Amino acid sequence: MSGMHARGGGRRASDSARSGGMSRAALVLLVAVVACAGADHVEGPPAFTVEPDLRYGSADTGAASFSQLRALAVDGRGYLYALDTQEAAIRVFDPFGNVVRSIGRHGEGPGEFNAPTGLAFGPNGHLFVYDPRVRRVTVFDTAGSLLDTKVIPISSFAYTWGGGIDSAGRLIDRISVRTDSGRAEFVRRLDLVTLAADTLPFPSCGFDPHPVYAFPRGFMGVPYASGAKTWIDATGSVWCANTARAVALRTPFGSLAPVDSVVSAVVPARVSDAERASAVERVETFMSRSGNAPLDLGLIPDSKEVLLGLVRDDEGRVWMRVRDSVGVAMHVFAPPPGAEWQATVRMSEPPADFYRAVIRARKLYVIAEDSIGAPIVLRYPVELESSP
């Protein structure tokens, strides 16, 4: 059975498991044991802690500083493209952390941005910028030259873009369409040359949604609660999960049934008394502004959400971002099908929530915050190799 090890950029954090990956049956059983027995330790494949070899941006670095990062992309040369939505610009850094150019500015003219939320590279090496407020995608080359602007139908958008560009250069995202019975969700596969679109059924995960508190003048998610979550994989799948577990199901585009999964196990982080008290205060403050309603504070769970994110790297591996009793980690899986859990990578400095990591050329890029809360990007070398 193949395993993985880190070289150069990391140090061994645990020698508790030396046998490499675990069988899927063993992992499913382990997940059940951890969930039901309240275990305080999980046996798994090798775990490593890695240190950043490069930091991009801080509050006092002038042109290299950031205001509000939303997305990252990395090209084949190792240049980092960091999307700053507040500045309506993309900062470009060489592999040594030097700023080499800025792409775009605020506006609605050619090559300008309004409130961009996502980046992706296409198969031809061109950079696609998703700017939903003005309903368009802008395309640049890596020198920053404007190549194209496409106006596309966009009816709603999230804080960060959950879509991407596939191997044929088509835009992949999630859309909601009005039907006779309400609304239906689809995966949209949009040809950016002809603007012809395929709409493929979006799979129903079958998991309960995140619970919310409903007030006369607003809604608030229950703090720390778990629920259904999906991630679009531009290589051709939708991943579905209940975020209370480190398990995600993969459903190919056009299908409604999952074909395989990634499965690991964690000891969930507990909600402390202080965190619970703070959560109750936030809920009560929100209610005071949004109107009184019956309030079940028992909905606030004892454990925090486990599964935080899921991405694929440029070699096809699946990286699952989890929160456990130690902190935030990345569980690394072999490419599907099979997707054996092969390693746990811990970062010496925790990434910020909500943002998609990028893994390219054996380097992990994450958005984080410095000591005063200013956004930065950290690059971690993670040399993963299959062992004999």
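You'll find the structure just up there.
Residues numbered from 1 in each chain as written. Predicted model: local features only at pLDDT ≥ 70, side-chain atom pairs only at ≥ 80, totals over all residues. Heavy atoms only, no water.

K.L.:
Teacher, can you tell me more about the side chain of Asp233 here?
P.N.:
Within the secondary structure, Asp233 sits in strand E19 (residues 228-233). Of the polar contacts made by the side chain of Asp233, one reaches the side chain of Thr235; its length is 2.6 Å. Within the structure, Asp233 has its side chain in polar contact with the side chain of Trp239 (distance 3.2 Å). What Asp233 contacts, discounting residues up to four positions off in sequence, is Trp239, Phe253 and Arg312. (Helix = DSSP H or I, 4+ residues; strand = E, 2+ residues; numbered from the N terminus. Polar contact = N/O pair within 3.5 Å; in protein donor to acceptor, adjacent residues only side chain to side chain. Contact = heavy atoms within 4.5 Å.)

K.L.:
Can you walk me through the sheet that holds strand E4 (residues 54-56) in this structure?
P.N.:
Sheets are built from strands that pair by backbone hydrogen bonding, the pairs being arranged parallel or antiparallel. Pairing within the open sheet is antiparallel, and its four strands lie in the order E4-E29-E28-E27. Each of the sheet's edge strands pairs with one partner strand only, and the pair in question is E4 and strand E27 (358-360). Neighbour-to-neighbour, the strand axes of the sheet open up by a mean angle of 25 degrees, direction not taken into account. (Pairing = 2+ DSSP bridges. Axes fitted to C-alpha atoms, helices over the stretch in contact; angles between N-to-C directions.)

K.L.:
Help me understand the nonpolar core, please; the structure alone is not making it clear to me.
P.N.:
General note: in soluble globular proteins, nonpolar side chains tend to be found buried as a group. Of all hydrophobic cores here, the largest spans 21 residues; its most connected members are Trp319, Met347, Leu364, Tyr380 and Val382. In this view, Leu364 contacts Trp319, Met330, Met347, Ala357, Val358, Ile359, Leu378, Arg379, Tyr380 and Val382; residues no more than four positions away in its chain are not counted. Counting residues in each nonpolar core, the second largest holds 17 residues, with Ala246, Ala248, Leu307 and Met320 among its members. (Core = buried A, V, L, I, M, F, W, Y, C linked by side-chain atoms within 4.5 Å. Buried < 20%, exposed > 50% of the residue type's maximum accessible area, 1.4 Å probe, protein only.)

K.L.:
Just checking my understanding: could you explain the packing of aromatic side chains for this structure?
P.N.:
To describe a pair of aromatic rings, one takes the distance between the centres and the angle between the planes. Under the defined criterion, the tally for this structure stands at eight aromatic pairs. On the basis of an interplanar angle of 5 degrees and a centroid distance of 4.5 Å, the ring pair of Tyr130 and Trp161 is categorised as stacked. Of this pair, Tyr130 sits in strand E10 (residues 127-131) while Trp161 sits in the loop between strand E12 (146-151) and strand E13 (164-165), placing them 31 residues apart in sequence. Like Tyr130, the residue Trp161 is buried in the burial classification. Geometrically, the ring pair formed by Phe215 and Phe286 is tilted, given 5.7 Å between the ring centres and 50 degrees between the ring planes. One end of the pair, Phe215, is in strand E17 (residues 212-215); the other, Phe286, is in helix H2 (residues 273-290), and 71 residues separate them in sequence. According to the relative accessible area criterion, Phe215 is buried, its value standing at 6%. Classification of Phe286 as partly exposed rests on a relative accessible area of 26%. Through pairs of rings, three or more aromatic residues link up here, namely Tyr56, Phe66 and Phe93. A cation over an aromatic ring shows up here: Arg77 above the ring of Tyr79, its NZ or CZ 3.9 Å from the ring centre. Above the plane of the ring of Phe202 lies Arg174, whose end atom (NZ or CZ) is 3.9 Å from the centre. (Phe/Tyr/Trp six-rings, centres within 6.5 Å; stacked < 30°, edge-to-face > 60°. Lys NZ or Arg CZ within 6 Å of the ring centre and 35° of its normal.)

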